[in-house]
Amino acid sequence: MSHWKQSDTVFMSEPSVHISEIFYSLSGEGITAGVPTVFVRLSGCSLRCGVTSDGRKLWCDTPYALGPNTGEKMNVSEVFARVEQFGVAETQILLSGGEPLEGEDKREFCALFSERVWKKRHNSLFSSPRIETNGREPISGLEHMVFTLDYKLPGSGMEGEMFLENFTFLRERKNSLDEIKFVVRDRKDFERSLEVIHSYQLQEMNLLFSPVEKECTGADLADWIKAAGIPNSRLSLQLHKILWGNKRGV
Ligand code: SF4
């Protein structure tokens, strides 16, 4: 385990984590879809989205990043330097996975990396890296980050893993860049997402709905979103797949 002190940035040693890939592209989803973004993909996730008791299969977009030891082991300074090499100092940085907050080393890495980015560019719109997280890991107390928080619906087979206190944290901090994402397999999933939104009073959050590829059409989901009429909801299609197909590094 590494030892570091966030309050005065005295670092005895930096956490190292396995990084699956780092690349520069456009954000594919959510309220920043289309925005130039540097992606840092951390390896390892122990959820298996799409795998259900009735025999349905994994739908994860990044199966190559599920193993915790895949990719290259790098510390915060090394990743920071690689990001800087793209020469895009003001643009969005996205920490994704795998699951970037699973395990103490990855949490420390994300906290320290985000603090370092924020110190360098704290007056810009994208001063805080965006963390794309699967809804199982606690996020309260993590500073200098904005969140894309998944809520895994029944069709994912992972709903029982959700850490529901995260909703309270996001509701109370009122950061207009935070978003909650629902990946929808079918109509039953969509109805469950509406229940969750009402139960946890999420109506003022940015709410994203994405269809599961080959199982739910964007057109059907668009109709359901229109009928539900929640003001901050939006259809979120995967722009990178529309532009470049289903491949890595874009
Ligand atoms: S949480 Fe994300 S990385 Fe993990 S299995 Fe689900 S989609 Fe894949």
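Preceding block: the structure.
Residues numbered from 1 in each chain as written. Predicted model: local features only at pLDDT ≥ 70, side-chain atom pairs only at ≥ 80, totals over all residues.

Colleague: In this structure, what is going on with the sheet that holds strand E4 (residues 36-42)? I would like to understand it.
Modeller: Strand pairing in a sheet is mediated by backbone hydrogen bonds. Such pairs are either parallel or antiparallel. One open sheet holds the 9 strands; their spatial order is E5-E3-E4-E6-E7-E8-E9-E10-E11, and the pairing between them is mixed. The open sheet has two free edges, formed respectively by strand E5 (72-75) and strand E11 (233-235), since each of these has just one partner strand. Direction aside, the axes of adjacent strands within the sheet are offset by 30° on average. Taken together, the 7 bridges between strand E3 (residues 16-26) and E4 define a ladder with antiparallel strand orientation. Residue pairing in the sheet places Tyr24 in a bridge with Val38 of E4. (Pairing = 2+ DSSP bridges. Helix = DSSP H or I, 4+ residues; strand = E, 2+ residues; numbered from the N terminus. Axes fitted to C-alpha atoms, helices over the stretch in contact; angles between N-to-C directions.)

Colleague: What exactly am I supposed to notice about the site of the ligand here?
Modeller: Lining the immediate environment of the ligand, one finds Cys45, Leu47, Arg48, Cys49, Cys60, Thr62, Gly97, Gly98, Glu99 and Asn134. When the residues that make up the shell around the ligand are grouped by side-chain class, the tally is 4 nonpolar, 4 polar and 2 charged. (Near = placed C-beta within 6 Å. Nonpolar A, V, L, I, M, F, W, Y, C, P; charged D, E, K, R; others polar.)

Colleague: Teacher, can you tell me more about the packing of helix H1 (residues 76-84) against helix H2 (residues 104-120) here?
Modeller: The angle between the axes and the distance between the axes are what describe a pair of packed helices. Two elements in contact, H1 and H2, have axes separated by 10 Å at closest approach and are oriented at 45°. Looking at the two axes, H1 sits oblique to H2. Taken as a pair, H1 and H2 cross one another with a handedness that is right-handed. Residue-level inspection shows Val76, Val79 and Phe80 of H1 in contact with H2, the latter providing Phe109, Leu112, Phe113 and Arg116. By residue class, the composition of the contact of H1 with H2 is 6 nonpolar, no polar and 1 charged. (Parallel < 35°, antiparallel > 145°, perpendicular 65-115°, else oblique. Left-handed = near helix turned anticlockwise from the far one by under 90°. Contact = placed C-beta atoms within 7 Å.)

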